[in-house]
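# Secondary and tertiary structure notes
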Amino acid sequence: MNDEVLNNKIAVVTGGAKGIGREIVRSLSYLGYDVAFTYNSSKDLALELVNELEENGNRVKAYKVDNTDRSSIKATFNEIFNDFPSIDVLVNNAGVTADAYLMLMPEEKWDKVINTNLSSIYLICKIVLPSMIRSKKGSIINITSVAGVTGIAGQTNYCATKSAIIGFTKSLSKEVAAKGIRVNAVAPGYIKTDMLAKVNEKMRDEFTKQVPLKRLGEPKEIANVVSFLASNDSSYITGQTLVVDGGLVS
């Protein structure tokens with residue numbers, strides 16, 4: 001990256017306690033951002049990450065939020081804005097799965113995934129954008145998935161959200177570009193996270209065989225792309241979805 005000065009630049013990462021989000025928090029913090037990140041149930045992991053990064057002299061804070069509850073989101077971002085004057089980078093990473101074939105999918109599973117993965121992004125962007133508009137700059141990065149491009153049987157709810165995030169990203173980028181705000185998405189493929197760890201070893205081997213690079217991705221490899229999109233090195237990129245999948249989708 002270039003010699004961009006990051007003094008007092010602030011990034012917010014949702015779902016930052018584990019997996020890809022954890023590496024995004026680390027990456028942005030090491031680059032010099034002050035980082036606020038949210039978590040839901042992983043309090044111990046969140047506090048561990050705060051302690052780790054604060055030892056390196058970085059300002060990092062964790063906030064508990066329920067991304068299915070709009071009042072919880074609003075209250076949490078009120079806290080963040082009380083602690084930080086503005087937001088330069090927003091990474092919408094929080095996401096869940098609740099798999100079932102459509103004919104067997106309870107409404108509760110549908111609603112949980114839609115609200116966590118998609119509706120929360122609508123509300124969070126709406127809350128954060130006024131600050132970015134006042135600053136006449138900002139970078140929003142939405143984490144989608146190759147599942148939103150290809151579709152996966154048994155994941156109609158998850159794939160619907162990830163596909164919608166791509167369209168959301170393209171549309172919002174056109175709305176705010178004149179304000180100096182960029183909006184992009186990152187679509188990971190098969191990445192070594194807790195979500196993939198739930199899959200049995202035989203299926204993980206099958207996934208690996210499908211990838212032209214013949215390996216699963218590392219969370220750090222997604223974080224590197226997010227850091228690029230957050231930086232001035234990507235200053236002429238907006239409305240794009242960067243696929244990071246080892247060549248799986250071509």
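I will try to describe carefully the structure that is included in this document. (Residues numbered from 1 in each chain as written. Predicted model: local features only at pLDDT ≥ 70, side-chain atom pairs only at ≥ 80, totals over all residues. Heavy atoms only, no water.)

## A few points about the sheet that holds strand β6 (residues 181-188)
For sheets, the rule is that strands pair by backbone hydrogen bonds, running either parallel or antiparallel. Reading across from one edge, β3-β2-β1-β4-β5-β6-β7 is the order of the 7 strands in this open sheet, with parallel pairing throughout. Either end of the sheet is taken by a strand with one partner, and the two such strands are β3 (60-64) and β7 (241-244). Between one strand and the next, the sheet's axes are offset by a mean angle of 15 degrees, whatever the strand orientation. Taken together, the 5 bridges between strand β2 (residues 34-39) and β3 define a ladder with parallel strand orientation. Bridge pairing in β3 places F37 opposite A62. Contacting β1 (10-13), β2 and β3, helix α3 (residues 70-83) crosses the sheet at an angle of about 160 degrees to β3. (Pairing = 2+ DSSP bridges. Helix = DSSP H or I, 4+ residues; strand = E, 2+ residues; numbered from the N terminus. Axes fitted to C-alpha atoms, helices over the stretch in contact; angles between N-to-C directions. Contact = heavy atoms within 4.5 Å.)

## Details of the pattern of salt bridges
Taken as a whole, this structure holds 8 salt bridges when the rule is applied. Residues E48 and R22 are paired through a salt bridge, measuring 2.7 Å at the closest nitrogen-oxygen approach. Taken together, the positions of E48 in helix α2 (residues 43-54) and R22 in helix α1 (residues 19-30) put the pair 26 residues apart, joining distant regions of the chain. Linked by salt bridges that have partners in common, E23, R26 and E52 make up one network. (Salt bridge = Lys/Arg side-chain N within 4 Å of Asp/Glu carboxyl O.)

## Thoughts on helix α6 (residues 156-176)
Taking 1.5 Å as the rise per residue, α6 with 21 residues should run 30 Å; its terminal C-alpha atoms sit 30 Å apart, in good agreement. Those residues of α6 lying buried are N157, Y158, C159, T161, K162, I165, I166, T169, L172, S173 and V176. Buried positions along α6 lie against α4 (107-135), β5 (138-143), α5 (147-150), β6, α7 (194-197) and β7. (Expected span 1.5 Å × (residues − 1). Buried < 20%, exposed > 50% of the residue type's maximum accessible area, 1.4 Å probe, protein only.)

Read these as layout, nothing more, since geometry by itself doesn't imply function.
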